[in-house]
Amino acid sequence: LTLGSQNAEEATLGRVRAILERLQLITANKKNIEALLNNETREAWVDELSEAECNLLNLTRALVSSPNVLCMHKPMRVGMESNELVLFVLQAFRDFVDHRGLELDPAYMHLRQPCTCIMTSNRLEAITYADKVFLVNRTDGIKYLIRGAEEVLKHISVD
């Protein structure tokens, strides 16, 4: 899970565990995902984890690597029927941008490069966590939505 990490602070197991917890992969009710992750073979993960858990694991891997730009196509589409889980994921993305990384020492935030998260989503909840929203459809093409999230939600119809 630490592949792509730039330095030792990013690659600590405590940080990986904290991100896994934020994305609800480690909870009191879940199977022992940490033991599973210690298994060297990816096949073990695929056999034991649900599609949603694999998706969250990939999101964890991306957040652990702390890229300057994180681009994702519908990161919440697979197995995230739970609105609560979607909100945990969206908050993690918001914090990733606001704190220039996730679960890193806030005292050194000013030394880190800004982070940007670009994602596509058909989940309306995502609008409230975004700095900028673009509506893409076949009729109007790409349109930048200037209004606040509450106003945007009033004018959007989902097909």
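Residues numbered from 1 in each chain as written. Predicted model: local features only at pLDDT ≥ 70, side-chain atom pairs only at ≥ 80, totals over all residues. Heavy atoms only, no water.

Trainee: How would you summarise the nonpolar core if you had to cite specific residues and measurements?
Mentor: Leu23, Leu56, Leu59, Leu63, Met80 and Val89 are the most contacted members of the largest nonpolar core, which has 29 residues in total. Mapped by element, the contributors of at least two residues to this core are α1 (13-22), α4 (51-64), β1 (69-73) and α5 (83-98). Ignoring sequence-local partners within four residues, the contact set of valine 89 consists of Leu23, Leu56, Leu59, Met76 and Met80. (Core = buried A, V, L, I, M, F, W, Y, C linked by side-chain atoms within 4.5 Å. Buried < 20%, exposed > 50% of the residue type's maximum accessible area, 1.4 Å probe, protein only. Helix = DSSP H or I, 4+ residues; strand = E, 2+ residues; numbered from the N terminus. Contact = heavy atoms within 4.5 Å.)

Trainee: Could you give me a rundown of the packing of α4 against α5, with the residues and numbers involved?
Mentor: Here α4 crosses α5 at 10 degrees, and the two axes come no closer than 12 Å. With respect to α5, the axis of α4 lies roughly parallel. In this structure, α4 contributes Leu56, Leu59 and Leu63 to the contact, and α5 contributes Leu85, Val89, Phe93 and Phe96. Its residues assigned to classes, the contact of α4 with α5 shows seven nonpolar, no polar and no charged. (Axes fitted to C-alpha atoms, helices over the stretch in contact; angles between N-to-C directions. Parallel < 35°, antiparallel > 145°, perpendicular 65-115°, else oblique. Nonpolar A, V, L, I, M, F, W, Y, C, P; charged D, E, K, R; others polar.)

Trainee: I'd like a rundown of the pattern of salt bridges, residues and numbers included.
Mentor: Going through the model one piece at a time under the given rule, you end up with seven salt bridges. Close ionic contact of lysine 143 with aspartate 140 constitutes a salt bridge, the shortest N to O distance being 3.8 Å. Relative accessible area serves as the criterion here: at 37%, lysine 143 is assigned to the partly exposed category. Looking at aspartate 140, the relative accessible area reads 44%, which means it is partly exposed. Taken together, the shared-partner salt bridges in this structure form one network comprising Arg22, Asp95 and Glu103. (Salt bridge = Lys/Arg side-chain N within 4 Å of Asp/Glu carboxyl O.)

Trainee: Tell me about the pairing of strand β4 (residues 141-145), residues and numbers included.
Mentor: Pairing of strand β3 (residues 133-137) with β4, which is carried by five bridges, proceeds in the antiparallel orientation. Note on β4: the bridge partner recorded for valine 136 is isoleucine 142. Connecting the antiparallel pair β3 and β4 is a turn made up of three residues. (Pairing = 2+ DSSP bridges.)

Trainee: Now, about the packing of α1 against α4: what can you tell me, with residues and values included?
Mentor: Viewed as axis vectors pointing N to C, α1 and α4 meet at an angle of 135 degrees, and their least axial separation amounts to 10 Å. Regarding the angle of α1 to α4, the classification is oblique. In this structure, α1 crosses over α4, and the sense of that crossing is right-handed. Judged by residue contacts, Arg15, Val16, Ile19 and Leu20 of α1 engage Leu57, Thr60, Leu63 and Val64 from α4. When grouped by side-chain class, the residues that make up the contact of α1 with α4 number six nonpolar, one polar and one charged. (Left-handed = near helix turned anticlockwise from the far one by under 90°.)

Trainee: Give a detailed account of the state of the cysteines, specifying residues and quantitative values.
Mentor: According to the stated counting rule, one finds zero disulfides in the structure shown. Lacking any disulfide linkage, cysteine 71 is separated from the closest cysteine sulfur, that of cysteine 117, by 8.2 Å. The exposed category is assigned to cysteine 71, whose relative accessible area is 56%. (Disulfide = S-S within 2.5 Å.)

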